[in-house]
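Okay, here's what each chain looks like letter by letter:
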Amino acid sequence: MFCKGRYYSNIALYYLYYMGCRIGNKIKSCSYTPQGISKIWLLDYDDFVSLKFRDDGLYNNNLVTNIYHNGNYIELEASEGSKYTTNRQNGIYTHTLDTFIEDFDFSNIADFDLASKSRKYVVVFLTRTNKYLMFGYKPGATFSYTSQTEEATGSLIQLSVTTTYPIFEVDANAITDHTHLATYLPSPVNAYCETLNKGNTGVFQYHYMLKVSAINGEALDVNNELCSVSGKPQAVLMLYGSSIIAGYEIEGYYSTGATIGGVPTFVFNPTVCPIKINNSIRISEVQIFIEVGGNKTVNLTSTSPWRVTNPNSSIASLNFLNGFAGTYPIRVTGVSNGLYNFDILNTETNERVRLSVVVGSVEWVFKNGAWNANGYWMIGKEWGND
């Protein structure tokens, strides 16, 4: 694979061709540049992710504060006479940058040939007045060259693109070898259920938000470098008051209920954090006695959709196993002698009620159970009205 640093030598044609057909890290000219353009960088368009503009604004403010990308820049040193031109007609811009490489080296020719074959680039250059400028944002600039031995030996390089976007000025700090577009994902460990008045609110609050690449989800360090490349620990944001987590680097803190870069640090999950709400579901009788083949009707009222969580019984059956908000006449039919407790859940509030059904002769109830203060009986340690 091609070198990752900015100042390594060019790579042989064979290696470039079979590892993605990209040009090397530096195409060198030995000329002195007294004026005009002093440096040129190319970023393979496949490695380009996005731009960040000043104050998170739109592209028409023309100042780029960050260039998000995966691969490295290729440095193309500018020669004397390097120039940039632009032309706008009917809302369409044509950007062109010309430079001359004097060294007629075989590795340069190999790089030129590869660069001109279907690859496109984001072009950044530095003027002698220390202005960083760029073009090639959508759809990427093409690379073409003409080699010669007349007048001067070398190759004329041209980078050009036709686009709806003007040239952009670039903040100097945006020209870095790696600036991955970062996002944050909640850590699945060390979360807790938010409470209010000694009851759950249904909110599951995360203690830590892990910094990852928005492109492939890989771990990033505090400098937005891949941890697998930098060897540094993954960066995390931490909820105020949480314990320090080992093996990570704390990048900052957030408060309960915060949203970071559009990613919430919490989730509403009443299944994990059941909300304690009283009287959202109720039943007219919590215990009934029926004979085998007999039936009895009780009224179930719920403020939200509901369902029986354990409907499979060999003792009794119900004519309704689920429903919506409202009141339902539940007809219970005896199937065989015994006791069965139906648990019925309000699916939004997670409040439950229990219908205890005794089928057959009740004589065994008095022999094996006891009556509680409410007039209901108990078998073993289980009260029929729990």
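All residue numbers here refer to positions counted from 1 along the written sequence of the relevant chain. Per-residue local features are limited, in this predicted model, to residues with pLDDT of at least 70; the limit for side-chain atom pairs, both in listing and counting, is 80 or more; totals at the level of whole chains, interfaces and linings are taken over all residues. Only hydrogens and water are set aside when side-chain values are computed; all heavy atoms of the structure are taken into account.

## Describing the pattern of salt bridges
Point 1. Here, a salt bridge means any Lys or Arg side-chain nitrogen found within 4 Å of an Asp or Glu carboxyl oxygen. Summed over all chains, the structure comprises six salt bridges.
Point 2. Ionic pairing is found between Glu169 and Lys131, a salt bridge with its closest N-O pair at 3.3 Å. Of this pair, Glu169 sits in strand β12 (residues 168-170) while Lys131 sits in the loop between β8 (121-127) and β9 (132-135), and the two are 38 residues apart along the sequence.
Point 3. Only protein chains enter the calculation, and the probe is 1.4 Å; a residue is then buried if its accessible area is under 20% of its type maximum, exposed if over 50%, and partly exposed in between. Judged by relative accessible area, which is 32%, Glu169 ranks as partly exposed.
Point 4. Taking the shortest distance from any N to any O, the salt bridge between Lys211 and Glu251 comes out at 2.7 Å. You can see Lys211 sitting in strand β16 (residues 208-213) and its partner Glu251 sitting in strand β18 (residues 248-254), a full 40 residues away along the chain.
Point 5. Judged by relative accessible area, Lys211 falls into the buried class, the value being 4%. Put simply, DSSP H or I for four residues or longer makes a helix, DSSP E for two residues or longer makes a strand, and each gets a number counted from the N terminus.

## Overview of the state of the cysteines
Point 1. Throughout, disulfides are identified as pairs of cysteine sulfur atoms within 2.5 Å of each other. Counted under the stated rule, the structure contains one disulfide.
Point 2. Disulfide pairing is shown between Cys193 and Cys273; the S-S distance is 2.1 Å. Across the S-S bond of Cys193 and Cys273 the torsion is about -80°, and the bridge reads as left-handed. In this pair, Cys193 is assigned in strand β14 (residues 192-196) and Cys273 in the loop between β21 (266-268) and β22 (281-283), connecting sequence segments 80 residues apart.
Point 3. By relative accessible area, Cys193 is classed as partly exposed at 24%.

## Let's talk about the packing of aromatic side chains
Point 1. Each Phe, Tyr or Trp ring, with Trp reduced to its six-membered ring, pairs with another whose centre is within 6.5 Å; inter-plane angles below 30 degrees give stacked pairs, above 60 give edge-to-face pairs, and intermediate values give tilted ones. This model, assessed by the stated rule, comprises 15 aromatic pairs.
Point 2. Here the aromatic rings of Tyr137 and Phe168 are separated by 6.1 Å at their centres, their planes lie at 55°, and the arrangement is tilted. Within this pair, whereas Tyr137 is found in the loop between β9 and β10 (142-148), its partner Phe168 is found in strand β12, the two being separated by 31 residues in sequence. For the pair Tyr137 and Phe168, a shared accessibility class is recorded, and that class is buried.
Point 3. Here the aromatic cluster, defined as three or more aromatic residues joined through ring pairs, consists of Tyr45, Phe48, Phe53, Tyr137, Tyr165 and Phe168.

## Examining the environment of Val203
Point 1. Tracing the sequence through the fold places Val203 in strand β15 (residues 199-205).
Point 2. Sequence spacing of Val203 and Tyr192 is eleven residues, and the spatial spacing of their C-alpha atoms is 8.5 Å.
Point 3. Here, two residues are considered to be in contact whenever any of their heavy atoms come within 4.5 Å of each other. Aside from chain neighbours lying at most four places away, what touches Val203 is Tyr192, Cys193, Glu194, Phe266, Val267, Phe268 and Cys273.

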